[in-house]
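Spelled out from the first residue to the last, the chains are:
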Amino acid sequence: MESLLLIAFAIILITCVLSGYSMFIALFIGWSMFFFYGIHKGKKIKEMLSYCQNGISMVQTVLITFMLIGMLTAVWRSCGSIAYIVYETSIFFAPQSMIILTFLLCALVSFLIGTAFGSAATIGVICVTMANSMNIPIIYTGGAMLAGIYFGDRCSPVSTSCLLVSTLTHTDQLENIKTMFKTAAVPFIISCILYLLLGLQLPYTETSTASRDLLATHYVMTPLTLLPVITVLVLALFRVNVKITLTISTLIGLILSVLVQGMPLSKIFPLLISGFTPENSEIAMIMGGGGLISMLSVMGIVCISSSFSGMFEGTGFLDHIQKRIIILSDYLSPFGTILLVSILSATISCNQSLAIMLTNQLCHPLENDRAQFASDLENTAVVTAPLIPWSIADAVPLVTVGAPTLSILTAFYLFLVPLWNLLVQNLPLIKQKVRARI
């Protein structure tokens, strides 16, 4: 029954996405299915509601962070932080190099601050905005941004997902990071080559200069507008709590919006809630967006999917499935099985953290070497979650920078890491089979 329920839920999710219906319809149906499964197993309604509450309580900090990110991106747009960086740097970059630079800059910043969402809200917004001013297809830069921010989210010493994996597997985080660099070196190089080739086929355009002049007519260009950006980077390096960091940066940005850009005090609240909405349509296309409202849908996804985790744990939903996974690993390699489970977990859980936890819970018997299992989790669950269109690991960064879901197709690094490691770990078995046939 458990397997059938998971398959049915996955089909409902995919159907809703392909048909254009709201994802919340599929999530609510799935929630009802798992809820009544618990009732069928003898749990009381009060117990099931308690399980849901326990799951949601685990992500309260995440929900608060999402709200802060939404307000932060709006303030950065209004105070001129993004506009100033675009204005000063766009003249030095050609459209042909912008895609690979987006990937490399996002990878660098995400490694420094250890968060994919924070990187998307900072350097991701800047790079995509700059690329938009050059008329570069946003599908290209959106994919490069998505791949870059998860480079550091996977292997940064200050990454929460990296810490989560080491905690779940009881392994040394720094040793895990060394292994992660080795197992992703080839995918990283190939990704750089692909982004470089993708950029070289773009035609040269003078649009970036025109957009630069346009920004200068609507913003007061001063280095002071960099203070909110510098604040985030410095406080993150000193490992200040992310909520405090985002709050301080937002407050500094609001002060600059009023004192430097001349924004009326009456517009502060609408800015934080609805985002930056300049009256000039050309500026709006480049700089508009952000705000608390922009994060409501992904916050809803987090709440519902987290309640799934609470119900799974409370009802023992996954116990029988784990036994089947162990049997499956006899036919597939351990890594191949972990990869498959991670994709299914991300499909069902709709976010990275739960995908990591579910994959660990289901697959930990497959690998006796804890360090190897930690590496397998990093090379599967961490990077496959952003490839699921309805996962918040994908939705939050793309919504933050205003990129479409199709940008997933150009997030080459996220595809190459699991595929490369699947090939490497199965290569000895392939050679053995070839020799046996010879």
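Residues numbered from 1 in each chain as written. Predicted model: local features only at pLDDT ≥ 70, side-chain atom pairs only at ≥ 80, totals over all residues. Heavy atoms only, no water.

In the annotation of an unreviewed UniProt entry, the entry for the chain reads Sodium:proton antiporter, and the organism field reads Dialister pneumosintes. Recorded under Sequence similarities (unreviewed entry), the UniProt text for the chain is reproduced unchanged: "Belongs to the NhaC Na(+)/H(+) (TC 2.A.35) antiporter family." Under the Subcellular location (unreviewed entry) heading, UniProt states for the chain: "Cell membrane". (UniProt positions renumbered as here; feature names shortened; annotations may be inferred.)

(A) Geometry of the packing of helix α17 (residues 319-328) against helix α19 (residues 352-363). Remark: α17 packs on α19, axes separated minimally by 8 Å, with the N-to-C direction vectors making an angle of 65°. One finds that α17 runs roughly perpendicular with respect to α19. When α17 is examined against α19, the residues Ile321, Gln322 and Ile325 are found in contact with a partner set consisting of Gln361, Leu362 and Cys363. Of the residues contributing to the contact of α17 with α19, the split by class is 4 nonpolar, 2 polar and no charged. (Axes fitted to C-alpha atoms, helices over the stretch in contact; angles between N-to-C directions. Helix = DSSP H or I, 4+ residues; strand = E, 2+ residues; numbered from the N terminus. Parallel < 35°, antiparallel > 145°, perpendicular 65-115°, else oblique. Contact = heavy atoms within 4.5 Å. Nonpolar A, V, L, I, M, F, W, Y, C, P; charged D, E, K, R; others polar.)

(B) Representation of the environment of Leu4. With respect to the helices and strands, the residue Leu4 is situated in helix α1 (residues 2-19). Sequence separation between Leu4 and Ser257 is 253 residues; the distance between their C-alpha atoms is 54 Å.

(C) Geometry of the environment of Ile283. Note that Ile283 resides in helix α15 (residues 281-287). Classification of Ile283 by relative accessible area gives buried; the value is 2%. Sequence separation between Ile283 and Ile230 is 53 residues, and the spatial gap between their C-alpha atoms is 24 Å. In this structure, Ile283 is in contact with Leu214, Leu215, His218, Pro278 and Gly288, ignoring residues within four places of it in sequence. (Buried < 20%, exposed > 50% of the residue type's maximum accessible area, 1.4 Å probe, protein only.)

(D) Region of interest: the side chain of Ser166. Position of Ser166 relative to the elements: it lies in helix α9 (residues 160-169). In this structure Ser166 touches Thr171, Gln173 and Asn176, once residues within four positions along its chain are discounted.

(E) Representation of the packing of helix α2 (residues 23-40) against helix α16 (residues 296-315) in the model. Close contact between α2 and α16 brings their axes to 10 Å; oriented N to C, the two are set at 15°. Classified by the interaxial angle, the pair formed by α2 and α16 is roughly parallel. Relative to α16, the crossing made by α2 is left-handed. Residue-level contacts link Met23, Phe24, Leu27, Gly30, Trp31, Phe34, Phe35, Tyr37 and Gly38 of α2 to Ser297, Gly300, Ile301, Ile304, Ser307, Phe308, Met311, Phe312 and Thr315 of α16. Grouping the constituent residues of the contact of α2 with α16 by class yields 12 nonpolar, 6 polar and no charged. (Left-handed = near helix turned anticlockwise from the far one by under 90°.)

(F) Spatial organisation of a nonpolar patch on the surface. Judged by side-chain polarity, Val186, Ile189, Ile190, Ile193, Leu194, Leu196, Leu197, Leu200, Trp420, Leu423, Val424 and Leu427 come together as a nonpolar surface patch covering roughly 970 Å² of accessible area. Examining the composition of the nonpolar patch, we find that 8 residues originate from one element, helix α10 (residues 173-200), more than from any other. Looking at the element boundaries, Ile193 is found in helix α10. (Patch = residues over 30% accessible without salt bridge, like charges linked within 9 Å, V, L, I, M, F, W, Y side chains within 5 Å. Areas by Shrake-Rupley, 256 points an atom, 1.4 Å probe, with all protein chains shown as cover. Salt bridge = Lys/Arg side-chain N within 4 Å of Asp/Glu carboxyl O.)

(G) Examining the side chain of Ser110 more closely. With respect to the helices and strands, Ser110 occurs in helix α6 (residues 95-113). We classify Ser110 as buried; its relative accessible area is 0%. Looking at Ser110, its side chain comes within polar contact range of the main-chain nitrogen of Gly152, at 2.9 Å. (Polar contact = N/O pair within 3.5 Å; in protein donor to acceptor, adjacent residues only side chain to side chain.)

(H) A look at the nonpolar core. Of all hydrophobic cores here, the largest spans 130 residues; its most connected members are Leu27, Phe34, Met145, Met287, Phe312 and Phe317. Per element, the largest residue contribution to this core is 11 residues, and it comes from helix α7 (residues 116-133). If we skip the residues at most four places from it in the chain, Phe34 touches Leu5, Leu6, Phe9, Met48, Phe308, Met311, Phe312 and Phe317. (Core = buried A, V, L, I, M, F, W, Y, C linked by side-chain atoms within 4.5 Å.)

(I) Representation of α7. Between its first and last C-alpha, α7 extends 24 Å over 18 residues, near the 26 Å set by a 1.5 Å rise per residue. Along α7, the largest kink reaches about 45° and is centred on Gly124. Counting buried residues in α7 gives 17 out of 18 residues, a clear majority hidden from the surface. At the exit of α7 stands Asn135, carrying a positive phi of roughly 65°. (Expected span 1.5 Å × (residues − 1). Bend = angle between axes of the 7 residues up to and from the residue.)

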